[in-house]
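Observations on the model geometry
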Amino acid sequence: MATETYTRDEVAKHNNADDLWCIVDHRVYDLTDFLDAHPGGNVVLQQIAGTDATDAFYNLHRQDVLQKYKSLCIGTIKGETPEVVEVAPGGISTVPYAEPLWLRAEFKNPFFNDSHRALQKAMRLFVDTHITPEAQQKEIDGTYISQELIDKMAEKNVLAMRLGPGKHLHGRTLLDGVVKGEDFDYLHDLVVCQEMSRSNARGFQDGNLSGMVISLTAVQVWLNNQKLKLQINEECLSGQKKICLAISEAFAGSDVAGIRTTAEKTPDGKHYIINGTKKWITNGMFCDYFVTACKTKKGFSVILVPKGEGVDVTPIKTSYSSAAGTAFVQYDNVKVPVDHLMGQEDKGFIVIMSNFNHERFGMCCGVIRKQRSIVEECLKWSNQRIIFGKRLIDQPVIRQKLAKMISHVEANQAWLETLAYQMNYLPYDRQTKLMGGPLGLLKSHATRSAHEIADEAVNIFGGRGLTQTGMGRVIEMFNRTYKFDAILGGAEEVLADLGVRQAMKFMPNAKL
Ligand code: HEM
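Predicted model, so just to flag it, every value in this text is computed and none were measured.

What counts and what doesn't
Residues numbered from 1 in each chain as written. Predicted model: local features only at pLDDT ≥ 70, side-chain atom pairs only at ≥ 80, totals over all residues. Helix = DSSP H or I, 4+ residues; strand = E, 2+ residues; numbered from the N terminus. Rg over C-alpha atoms; globule rule 2.2 N^0.38 Å. Buried ≥ 20, exposed ≤ 12 C-beta atoms within 10 Å, placed from the backbone. Contact = placed C-beta atoms within 7 Å. Pairing = 2+ DSSP bridges. Domains from an automatic or database assignment. Expected span 1.5 Å × (residues − 1). Bend = angle between axes of the 7 residues up to and from the residue. Near = placed C-beta within 6 Å. Nonpolar A, V, L, I, M, F, W, Y, C, P; charged D, E, K, R; others polar. Core = buried A, V, L, I, M, F, W, Y, C linked by C-beta atoms within 7 Å. UniProt positions renumbered as here; feature names shortened; annotations may be inferred. Axes fitted to C-alpha atoms, helices over the stretch in contact; angles between N-to-C directions. Parallel < 35°, antiparallel > 145°, perpendicular 65-115°, else oblique. Left-handed = near helix turned anticlockwise from the far one by under 90°.

Let us look at the overall build of the protein chain. Tallying secondary structure elements over the protein chain gives 16 helices and 17 strands in all. Over its C-alpha atoms the protein chain spans a radius of gyration of 26 Å, differing by no more than 12% from the 24 Å that the globule rule assigns to 512 residues. When each of the 512 residues of the protein chain is scored for burial, the buried share is 43%. Partitioning the intrachain contacts of the protein chain with sequence separation of at least 6 by distance along the chain shows that 72% fall at a separation of at least 24.

Take a look at the structure:
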């Protein structure tokens, strides 16, 4: 930022289209060359030429506009200091409820220790510096994640952390050593997921290898060919190859039992021949491997299918960015060696199911963190927007909306932290048995909250909540895309039902 100082009288002299200055937050801006480029037009700027336009500016713009256009700033007003707090990359927001309670100095939390805090710090800096800028660009232009970013995430083992705790992390240096792979638990996992979803680019968020997150763990546990297992693990965690999960079909979404893709053994028993289609396959457009659910003689089987002859992908246009790489996949007589089978033939259901808990946990982390960003945006906007002569926050009806939104977020986060803590102490088989229900209930509750929060937020922002650029873009994105969390990984009603059905399994026989 420029260090020159000016008096308010000096600024007032630059008051016409050929020489136009203004003041925003005690800083002086020379807008002469920006007049014709200003997205809000040149006329409005001429109306404020030479004056202090702070109130007008904050009534219409986000703070980050000033960061983006900081080259227009030529100095500050003599004897005055800017008041607006700019959050530096990696920084913590000072807006109430913008951060979970455990990140606020005033509060205690029983779950998070120093290593979770160190990871959060490093992760936020990494996301702010490397992920968010690309996420914002790709969300708009719809192109796929760059190899450069993948390499960067691989180098710091961010890719490996995204699979959650496990042996794949042992011996790895995570984000320059902030946490040991052996110590990484579900609360670290929560931190990684929540920090990553802050980049507010829902399509890119999935395009950022979420296909790997939901399929590579299954390969690690179930692929029978040990050599191939190690090879794929290494290829994917180093970012050289990409992998996705191919289960849903036009014929079957949450109803996995309805799938029609077939795998038939060749007469010599050495290969499967796969035929069928898969729909809504996240990352499918750019993947090298497809973990594919197929119908076999007496049930389902899950088979690892490398991209090759007979595998065809076409993009599906959805309401979020095509950066997600959502694909329609066709298998036309695709020949795959039998050792690409995962688990046992006809017993693929357990392979599919065992993955769901972690997928749903990650989705809960993401959607709950995004709700918090919406609360932050709404608090900031309500505090700065002047309407009918007063700030929005001065209207009781707006405060009621905010109270409801904050309560949803805080309740969801508290439940999420409790479940993450339980997962740390449950061995894998107990987790499968005990956590499916609670995670299903949390996911369905969190996405119902998302529905309520999106609705209130758009009403608070008005037309800006429906506009993809400017003040309301975070709200617009959330309102357009929160349904992905409500549908992907199990639809809201199906998961709510699962929660109750699982509870009934533990119901005592006696009439109570
Ligand atoms: C440093 C000075 C300024 C810069 C760099 C700037 C930049 C921008 C940018 C990037 C936008 C696009 C929307 C967004 O991203 O928020 C915009 C919109 C706009 N600006 Fe400015 N602006 C400045 C000052 C002002 C001032 C002082 C006024 C009014 C007196 C103004 C009025 C508007 C209006 C009316 C819009 C359209 C907003 C909307 O449709 O919601 N701008 N400006």
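What follows covers the sheet that holds strand β4 (residues 27-30). One open sheet holds the 5 strands; their spatial order is β1-β5-β4-β3-β2, and the pairing between them is mixed. The sheet terminates laterally at β1 (5-6) and β2 (15-16), the two strands that pair on one side only. Alignment of β1 against strand β5 (residues 73-77), held across 2 bridges, turns out to be parallel. Each bridged residue has a counterpart across the sheet, and for Thr 5 the counterpart in β5 is Thr 76.

To continue, consider the domain arrangement of the protein chain. Taken as a whole, the protein chain is organised into domain 1 (5-77), domain 2 (114-208), domain 3 (239-346) and domain 4 (355-505). One C-alpha centre belongs to domain 2, the other to domain 4; they are set 21 Å apart. Facing 12 residues of domain 2, the contacting portion of domain 4 comprises 16 residues. Counting residues per element, the ones that place at least two in the side of domain 2 that touches domain 4 are α8 (186-196) and α9 (202-207).

Relative to the 21 Å expected for 15 residues at 1.5 Å per residue, helix α15 (residues 473-487) spans 23 Å between its end C-alpha atoms, a close match to the ideal helical length. Along its length, α15 reaches its greatest deviation from straightness, about 40°, at Arg 480. Counting buried positions along α15 yields 11 of 15 residues, so the element is predominantly enclosed. Buried within α15 we find Val 474, Ile 475, Glu 476, Met 477, Phe 478, Asn 479, Thr 481, Tyr 482, Phe 484, Asp 485 and Ala 486. Next to the buried residues of α15 lie α9, α12 (348-384), α14 (428-461) and α16 (492-505).

Residues in contact with the ligand amount to 23 residues; listed here are only the nearest, Pro 39, Gly 40, Ala 53, Ala 56 and Gly 470. Those elements that place two or more of their residues in the shell around the ligand are β3 (19-24), α2 (42-47) and α3 (54-58). When grouped by side-chain class, the residues that make up the shell around the ligand number 16 nonpolar, 5 polar and 2 charged. Viewed by domain, the shell around the ligand spans two of them, domain 1 (5-77) and domain 4 (355-505), each represented by three or more residues.

Pairing geometry for strand β9 (residues 262-265) and strand β10 (residues 271-281), over 4 bridges, is antiparallel. Residue pairing for β10: Thr 262 is matched across the bridge by Asn 275. Linkage of β9 to β10, two consecutive antiparallel strands, is achieved through a turn of 5 residues, within which Gly 269 is found at a positive phi near 75°. For β10 and strand β14 (residues 327-337), the ladder comprises 8 bridges, and the chain directions are antiparallel. The partner of His 271 across the bridge, within β14, is Pro 337.

A word on the environment of Gln 431. In this structure, Gln 431 sits in helix α14. The spacing of Gln 431 and Asn 357 is 74 residues in sequence and 8.3 Å in space, taken between C-alpha atoms.

Further remarks concern the environment of Arg 202. As for its placement among the helices and strands, Arg 202 is situated in helix α9. Separated by 283 residues in sequence, Arg 202 and Asp 485 place their C-alpha atoms 9.7 Å apart.

With that settled, the discussion passes to the nonpolar core. Generally speaking, a soluble globular protein has its nonpolar side chains buried in company with each other. Residues Val 291, Ile 303, Val 305, Met 342 and Cys 364 are the most contacted members of the largest nonpolar core, which totals 116 residues. The element that contributes the greatest number of residues to this core is α12, accounting for 13 residues. Not counting the four nearest positions on each side in its chain, Val 291 is found in contact with Ser 215, Ala 218, Val 219, Ile 243, Leu 245, Ala 246, Val 302 and Leu 304.

This part is about the UniProt feature "domain: Cytochrome b5 heme-binding" (unreviewed entry) in the protein chain. According to UniProt, the "domain: Cytochrome b5 heme-binding" (unreviewed entry) feature falls on residues 3-78. A helix fraction of 29% and a strand fraction of 25% characterise residues 3-78, whose end C-alpha atoms lie 10 Å from each other.

Further remarks concern the packing of α12 against α15. Following both chains from N to C, one finds α12 and α15 inclined at 160°, their axes separated by 11 Å at the closest point. With respect to α15, the axis of α12 lies roughly antiparallel. Where α12 crosses over α15, the handedness of that crossing is left-handed. Between α12 and α15, the residues in contact are Met 363, Gly 366, Val 367, Lys 370, Ser 373, Ile 374 and Glu 377 and Val 474, Ile 475, Phe 478, Tyr 482 and Asp 485, respectively. Across the contact of α12 with α15, the residue classes break down as 7 nonpolar, 2 polar and 3 charged.

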